[in-house]
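Below, each chain spelled out in residue letters.
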Amino acid sequence: MGYEDVAPLPLIVGEAGGRVTDLAGNDVLTGDGSVLASNGVLHDGLLELVAGMPHGRDYRRLLFGVA
């Protein structure tokens, strides 16, 4: 995904009452390219759940435990 893919997410999800960040909780538009979108209420809990986990861009680490 590129910037143009994630750029509308904060507005669209935010207008519906949700929240969008990267997996580290940073602004999705300036973050590491990962995306976490939620209803807003669950967002902090989801961030805790995924803390330290590799994301889809690190698929080798996800599947095989290697970098």
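Placed above this text is the structure.
Residues numbered from 1 in each chain as written. Predicted model: local features only at pLDDT ≥ 70, side-chain atom pairs only at ≥ 80, totals over all residues. Heavy atoms only, no water.

Any details on the side chain of H43? Residues and values, ideally.
For H43, the position within the fold is in helix α3 (residues 43-50). Excluding residues that lie within four positions of it along the chain, H43 makes contacts with R19, V20, T21, L36 and S38. (Helix = DSSP H or I, 4+ residues; strand = E, 2+ residues; numbered from the N terminus. Contact = heavy atoms within 4.5 Å.)

Mind laying out the side chain of S38, listing which residues take part and the relevant values?
Take S38: it is sitting in strand β2 (residues 36-38). A polar side-chain atom of S38 sits 3.1 Å from the main-chain amide nitrogen of G40. A polar side-chain atom of S38 sits 2.7 Å from a polar atom in the side chain of H43. Apart from residues no more than four positions distant in its own chain, S38 is found in contact with V13, G18, R19, H43 and L46. (Polar contact = N/O pair within 3.5 Å; in protein donor to acceptor, adjacent residues only side chain to side chain.)

Which residues make up α3, and what are the values?
Those residues of α3 that sit buried are H43, L47 and V50. One side of α3 carries all its buried residues, which in axial view fall inside an arc of 75°. Summarising the geometry of α3, the exposed residues directed more than 90 degrees from the buried face are E48 and L49. A positive backbone phi angle near 80° is found at G52, which sits one or two residues after α3. (Buried < 20%, exposed > 50% of the residue type's maximum accessible area, 1.4 Å probe, protein only. Arc of directions from axis to C-beta.)

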